[in-house]
Amino acid sequence: DDSHMEWWRDARFGMFIHWGLYSIQGGDWKGKDYGKEQGGASAEWLMNSAKIPGPEYRKALAPQFNPTDFDAAEWVSTAKEAGMKYVVITSKHHDGFCLFDTEATDYNVMDATPFKRDIIKELSEECAKQGLKFGVYYSQFKDWYHRSFQRKPGILNNEEYLDLVEKNLDELLSNYGDMAVLWFDVGGNNVIEADQQGARVRELQPNAVICSRLYSRKVPEGKRKYADFESLPDRMLPTERMTQDTETCMTMRHNWGFDRNDDHWKSSKDIIEFLALCGARGVNLLLNVGPNPEGNLLPEETERLQEVGQWMKTNGES
Ligand code: JFZ
């Protein structure tokens, strides 16, 4: 039964949001630019790129995370006006920082930052209010913060990490109303672990749509039991119209997370053409924004989203 896929198939177009502690740095660390601009990894990879130990990263950034301009209503209405039907935000990226209230770790927005507002709660409630589907990106395999502790002798304990993921998932699946999408990313090769996580999603949110990145790409498609849709690499499109459920994602410039030096903006025309092509190939598009540390979408982003919205009004299906 794939009735839970119906809304997703109709939706076609969603907003991806990369936002977290890394946004504060905008790709820089101690005067050096680690963003994709310089041929490195994307700005949200800072902790890894600059080899910052977990405790140092937390100590430097968590006390500074205070995005008082954050207004869920504004973000959601901007997505809605653009013709987007769903929103997916990084509830936890590879740096391990949780943008939601969790009992599993104090490395989260409520306990470790002066902001003390549950971002996932505010956005999920706003999406429900404005009639958009809401989902979370959750980095289930890569967690540099947790793993940095594991490297210390005596604490090498994978069970402990799996326990964190299980608790986080239970919270995300229980405390935020309908979770429409579980956007797992960069999965490992352990199918049993992934299947357990997928099964838990099914159990607590039977209608949630699960991203194929729950599994590593090395796991054959036939073994990805809980993958509802295939997530293609960034900006990739098949040459023929897809019959299986497929999504591609694209960011508006080079980086996913906020980057101070990245001026490689795709034009509105580029974005609209790509969106039209996605529609023609039967592929959903998750278009990414990387809000700034104050909590604002960038003017370049809102401008593009408005122009996409204009196009959607005349050419999109509603
Ligand atoms: C991952 C993340 O590492 C990255 O930070 C960002 O969140 C992006 C959306 O997802 O990066 C990937 C994951 C998979 C592929 C490429 C980049 N892939 O399958 O080619």
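So, here is what we can say about the structure in this document. The structure presented is a predicted model; accordingly, all values stated were derived computationally and were not measured.

Side note on the packing of helix 9 (residues 158–174) against helix 10 (residues 191–204)
Helix packing for two helices is described by the angle between their axes and how far apart those axes are. Remark: helix 9 packs on helix 10, axes separated minimally by 10 Å, with the N-to-C direction vectors making an angle of 20°. Compared by their axis directions, helix 9 and helix 10 come out roughly parallel. Crossing angle aside, the handedness with which helix 9 passes helix 10 is right-handed. Counting all contacts with helix 9, which are made through Asn 158, Leu 162, Val 165, Leu 169, Asp 170, Leu 173 and Ser 174, the residues of helix 10 involved are Glu 193, Gln 197, Arg 200, Val 201 and Leu 204. Class assignment of the residues belonging to the contact of helix 9 with helix 10 gives a composition of 6 nonpolar, 3 polar and 3 charged.

Comments concerning the packing of aromatic side chains
Within this structure, the stated rule accounts for 15 aromatic pairs. Here the aromatic rings of Phe 97 and Tyr 107 are separated by 5.4 Å at their centres, their planes lie at 70°, and the arrangement is edge-to-face. One end of the pair, Phe 97, is in the loop between strand 4 (86–92) and helix 6 (109–112); the other, Tyr 107, is in the loop between strand 4 and helix 6, and 10 residues separate them in sequence. An identical accessibility class is assigned to Phe 97 and Tyr 107; each is buried. Taken together, the ring pairs connect Trp 19, Phe 65, Phe 70, Trp 75, Phe 97, Tyr 107, Phe 115 and Tyr 145 into an aromatic cluster. The lysine or arginine in question, Lys 32, covers the ring of Tyr 34, its NZ or CZ lying 4.7 Å from the ring centre.

Rules of the game
Residues numbered from 1 in each chain as written. Predicted model: local features only at pLDDT ≥ 70, side-chain atom pairs only at ≥ 80, totals over all residues. Heavy atoms only, no water. Axes fitted to C-alpha atoms, helices over the stretch in contact; angles between N-to-C directions. Helix = DSSP H or I, 4+ residues; strand = E, 2+ residues; numbered from the N terminus. Parallel < 35°, antiparallel > 145°, perpendicular 65-115°, else oblique. Left-handed = near helix turned anticlockwise from the far one by under 90°. Contact = heavy atoms within 4.5 Å. Nonpolar A, V, L, I, M, F, W, Y, C, P; charged D, E, K, R; others polar. Phe/Tyr/Trp six-rings, centres within 6.5 Å; stacked < 30°, edge-to-face > 60°. Buried < 20%, exposed > 50% of the residue type's maximum accessible area, 1.4 Å probe, protein only. Lys NZ or Arg CZ within 6 Å of the ring centre and 35° of its normal.

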